[in-house]
Amino acid sequence: MKERPIYLGETSFPKPQTNITQFGELVKSSLCSFFEWFGELGIFCGRLVRAALTPPYEGRELIRQIDEVGSKSLLLVSLAGAAIGVVLSLETSASLIRFGAESMLPSVIIISIIREMGPIITGLIVCGRVGAGIGAELGSMKVTEQIDAMEASAVNPYRILVATRVLACTLVLPLLTLAADFSGIVMGWVTNTISEPISLRLFLDTGFKNATFNDFLAPTIKTAVFGLIIGVIACFQGMRATGGTEGVGRAATNSVVLSSLFIILADVLLVRLILIFFP
Amino acid sequence: MEGNEAELAVVLQDLHKSFGRQTVLNGIDLKIARGETLAILGRSGTGKSVLLKLIIGLQKSDSGFIRVHGKEISGLSLEELNQIRKKVGFLFQEGALYDSLSIEDNVAFPLARNTRMSQAEQKDRVRQLLSSVGMEKDLGKMPSQISGGMKKRVGLARALALEPDILLFDEPTAGLDPITAGEIEDLIVRLREERKMTSIVVTHDLHGAKTISNRVALLHEGNILIEGTFDDLQKSEDPFVSQFLSQSS
């Protein structure tokens, strides 16, 4: 619709709106954007599932993505796990000594790490490194028409770009969590040993005495859901990027922010479910 | 342009496309014959590139019909649409080469995904394609290591990989120096003469349009304002056509 021209002598100021009208408009547009986002996400997930389940399968690209997400995050995740082990050991030893329960320290460190700290730290670290990378990479491909070029070549970008990345994130997160758990426990023992020498074997025996297999299995598998969230959100944000380099930056930022938020929300829900099904 | 349906490569009928409240195409009717090169002219932002993307199904029209080789493309499944896409090559404005792949792999990409060629056959075909655009010496380079004109040449080689019947060019000479632009124009003319391809070239370069096309169409305010030979365009008394010609020359 063409705008009516403004003639000389006629004011160009818009008709004043009341605060209530402006607020109503703002709420309406925010709600529309909110539902539109979820609607687009639903369509995106439908395309992703169809691309992932129908042949041809992109085995080589999947292995490349597993390397990209897994191998290149291993050091970072191990360092973060180690730092958490040190901090847990320092913080809890002081509290436990105060209550005369320092013998519980190995159990507290090991159970805290394998049940919650390892999985959530791995999720958030990978979200920062991989989520931003995927969002920026696909966003850049989108705004430079590389994804259009792929479609124009009769190749489904959901199969080659999205399904492989989502699957790689989902498969790799539990493995990275094992690395974070391992380094966290080892560094927890090292920190504890510096102040009060104890053998690694005794530390592990004492620590795992009160732990069950369910303490380890369910939280580790939980991280596959975190991986799924990171892959889906980052690919979705990248694939809907618009507006040049600014759009690429926005896609990367939104990938990290939204993935982190959804990981924390999913963690709340999954912890509750784990407590119900693996008491 | 009138023509038997079988002789027409692309038919656009009453095509509409809007983005939000902004109407971009407002009832486009256009027929492109097999073997013809049509240049679509118009100011920036008039929907020329959108028109190309609608033809290949990269965007969906709001209403109207698009027939490619007699097949209506709206309502096709992705698999059916991909069969059409294999017959249509697309040269994007900036080349749209895949950053993470070498020049050789960029050109091999459609072959690896859509044909049963062996690695050796793919390599031969890629060399042949790159040689046809004068890029055979650079096949190991990455897209970031070559110039804008070279990217367009590689993009053209990639667009030709599946031996399409129709080629769509989005601003093939935009942003290039006159010599490189001339080389790209020569390539397009050579393709028309050697392979008898149907081409649709979106451009605002009047000189280029005159060199490479049989027919031109001027897009203005969502409609085809004038359609015919370049001489028809020059003879037009429409004020916008006159302004467009005088400002462009």
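Everything numeric here is computed off the predicted structure, so don't read it as measured data. (Residues numbered from 1 in each chain as written. Chains lettered and ligands numbered in written order. Predicted model: local features only at pLDDT ≥ 70, side-chain atom pairs only at ≥ 80, totals over all residues. Heavy atoms only, no water.)

### Examining the overall build of chain B
Convention followed: Starting at the N terminus, helices and strands are each numbered in turn, a helix being any DSSP run of H or I of at least four residues and a strand any DSSP run of E of at least two. The atom set for the radius of gyration is the C-alpha atoms, and the globule formula is 2.2 Å times the number of residues raised to the power 0.38. Working definition: with a 1.4 Å probe on protein chains only, accessible area under 20% of the residue-type maximum means buried, over 50% means exposed, and in between means partly exposed. Contacts between residues were defined by any pair of non-hydrogen atoms, one from each residue, lying within 4.5 Å. Counted as positive: Lys and Arg. Counted as negative: Asp and Glu, with His and the chain ends omitted from the count. We put the charge of a Lys on NZ, of an Arg on CZ, of an Asp on CG and of a Glu on CD.
A count of helical and extended segments in chain B gives nine helices and 10 strands. Over its C-alpha atoms chain B spans a radius of gyration of 18 Å, differing by no more than 12% from the 18 Å that the globule rule assigns to 249 residues. When the backbone C-alpha atoms are referred to their principal axes, chain B occupies close to 55 × 40 × 35 Å. Here chain B, with 249 residues, has 53% of them falling under the buried criterion. The contacts in chain B between residues at least 6 apart in sequence include a share of 67% that link residues at least 24 apart. Between the mean site of the 31 positive side-chain charges and the mean site of the 35 negative ones, chain B shows a separation of 5 Å.

### A closer look at the side chain of Glu104(B)
Among the secondary structure elements, Glu104(B) is positioned in helix H3 (residues 103-114). Those residues in contact with Glu104(B), other than ones at most four positions away along the chain, are Lys123(B), Val126(B), Arg127(B) and Leu139(B).

### Considering helix H5 (residues 157-195) of chain A
Condition: By this rule, a helix spans an expected 1.5 Å times one less than how many residues it contains. Bend at a given residue is defined as the angle between two axes, one fitted to the seven residues that end at that position and one fitted to the seven that begin there.
Taking 1.5 Å per residue as the helical rise, H5(A) with its 39 residues ought to reach 57 Å, and the 55 Å between its terminal C-alpha atoms agrees with that figure. Along H5(A), the largest kink reaches about 30° and is centred on Val172(A); proline Pro174(A) follows within four residues of it.

### Re the confidence of the model for chain B
Close inspection of predicted coordinates is inappropriate for parts of the model with low pLDDT. Definition in use: You can read pLDDT as the predictor saying how much it trusts each residue, on a scale of 0 to 100.
Looking at chain B, pLDDT values average 90 and 97% of them are 70 or higher. Predicted as a complex, the structure gets a pTM of 0.87 and an ipTM equal to 0.91.

### Here's the deal with the sheet that holds strand S1 (residues 8-19) of chain B
Residues and elements named next belong to chain B. Where we set the bar: The pairing criterion for strands is at least two bridges between them, as found by DSSP. Only the stretch in contact is used when fitting a helix axis, every axis being a line fitted to C-alpha atoms; angles between N-to-C directions are given from 0 to 180 degrees.
Spatially, the four strands line up as an open sheet ordered S2-S1-S4-S5, and their pairing is antiparallel. One side of each edge strand has no neighbouring strand; the edge strands of this open sheet are strand S2 (22-33) and strand S5 (71-72). Two elements, strand S4 (residues 63-68) and S5, share two bridges in a ladder whose sense is antiparallel. Its bridge partner lying in S5, Arg67 is registered against Glu72. Across the sheet, helix H1 (residues 48-55) lies against S1, S2 and S4, angled at about 120° from S1, the strand it touches most.

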